Amino acid sequence: MITSASNTRIKKVAALNQKAKERRQEGKYVVEGVKMFLEAPDGEIEEVYTAEGFCNPSCDQKLNRLPVERVSEEVFRKMSDTAAPQGILCVMRQKAYTPESLLQGTDPLLMLLEDIQDPGNLGTILRTGEGAGVDGVIMSRETADIYNPKTIRSTMGSIYRVPFVYVSSLADMISMLNKKKIRVFAAHLKGKCWYDQEDYCRGSAFLIGNEGNGLREETAALADSYIKIPMAGNVESLNAAMASGILMYEAARQRRIMTDGGKR
């Protein structure tokens, strides 16, 4: 059992939790808690750490087939990013997707995120995307780190299952989508159509902008259509994750009806 916070392995885990640069260089990230451990694909787990007093029967079977390092309660608190750690965490290998891999299906449904800054928003979009059946999330380089511990917690396990990729140019990505006949819809205050007046049953991508500034005009101009969500009262716009969820589930609704042979 490791009892010293100065242990090299412990310091490495703490650095992965705290520094995006460390995560990029190592190609690893950290997940915490029972749910994240149970849903983690065995083949992507690099290391497992449990606190000295950790005991959860639901984890026993999986723990028995993996190498596990026990650490003192104090050391575990040093490693953890949460205020009330559950006593188990894993070091995971990062994913490796390409833009092309997200476009392989028929009529894909995609999210295009420009400079989303809040890790919680990003994680929620990923989680909601899994629920709505999106095929992937494509992000600008300036978007928050998807492996940030706050993002990871917000995904509630969707980080393992929803394909995602960062691209150096959303303009080039949109050009690729155009060639694939995937329509791009920008969530924009200048939209002339309500979000539920467009057809998302074919290949579609929703373009969502930065929480404070929205989409850059040059990026929004590349969209096939501007859409907006009706607002009552004095509210001008919605939180980026909330707006994304509304759009994704409208697309899911339309596609479900089409699959069932009904009418929109």
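Further up the page is the structure itself.
Here's what I pulled together on the structure shown here. (Residues numbered from 1 in each chain as written. Predicted model: local features only at pLDDT ≥ 70, side-chain atom pairs only at ≥ 80, totals over all residues. Heavy atoms only, no water.)

### So, the nonpolar core
To keep things clear, this is the line we draw: Put simply, buried Ala, Val, Leu, Ile, Met, Phe, Trp, Tyr and Cys residues joined by side-chain atoms within 4.5 Å make one nonpolar core. Categorising residues by exposure relies on relative accessible area from a 1.4 Å probe, with only protein chains included: less than 20% of the type maximum marks a residue as buried, more than 50% marks it as exposed, and the intermediate range marks it as partly exposed. Secondary structure elements follow DSSP: runs of H or I no shorter than four residues count as helices, runs of E no shorter than two count as strands, and numbering proceeds from the N terminus. Should any heavy atoms of two residues lie within 4.5 Å, those residues are considered in contact.
Residues L113, I146, I159 and F206 are the most contacted members of the largest nonpolar core, which totals 49 residues. No other element matches helix α10 (residues 240-260), which puts seven residues into this core. Discounting chain neighbours no more than four positions away, the residues touching I146 are L122, L126, M139, T151, I152, I159, F164 and Y166. Residues L112, V165, L215 and A223 belong to the second largest nonpolar core, which totals 19 residues.

### Describing the sheet that holds strand β7 (residues 164-167)
Applied cut-off: Here, any two strands with at least 2 DSSP bridges between them count as paired. Fitted lines through C-alpha atoms serve as axes, helices being fitted only where they are in contact, and the angles separating the N-to-C directions of these axes extend from 0 to 180 degrees.
Spatial strand order, β7-β6-β5-β10-β8-β11-β9: seven strands in an open sheet with parallel pairing. In this open sheet, the two edge strands, each paired with only one partner strand, are β7 and β9 (193-194). As paired strands, strand β5 (residues 109-113) and strand β10 (residues 204-208) are joined by five bridges and run parallel to one another. Of the residues in β10, the one forming a bridge with L110 is A205. In the packing of α10 onto the sheet, contacts are made with β5, β8 (183-187), β10 and β11 (225-228), and the angle to β10 comes to roughly 165°.

### Some remarks on a nonpolar patch on the surface
Selection rule: Every patch collects residues that have over 30% relative accessible area and no salt bridge, joining them within 9 Å if they carry like charges and within 5 Å if they are nonpolar side chains (Val, Leu, Ile, Met, Phe, Trp, Tyr). To be clear on the numbers: accessible area is Shrake-Rupley with a 1.4 Å probe, and residue cover counts the displayed protein chains and nothing else. Salt bridge, as applied in this entry: a Lys or Arg side-chain nitrogen positioned within 4 Å of an Asp or Glu carboxyl oxygen.
Together, V235, L238 and M242 make up an exposed nonpolar region whose accessible area comes to about 250 Å². Summarising the element assignment, V235 is placed in the loop between β11 and α10.

### Some words on the sheet that holds strand β3 (residues 68-71)
One open sheet accounts for four strands, arranged β1-β4-β2-β3; its pairing is mixed. Here the strands that pair on one side only, and so sit at the sheet edges, are β1 (28-32) and β3. With direction set aside, neighbouring strand axes in the sheet form an average angle of 25°. Where strand β2 (residues 45-51) lies against strand β4 (residues 88-93), five bridges are found, and the strand directions are antiparallel. Of the residues in β4, the one forming a bridge with E47 is V91. Against the sheet, helix α1 (residues 8-18) makes contact with β1, β2, β3 and β4, and its axis sits at roughly 90° relative to β1, the strand it touches most.

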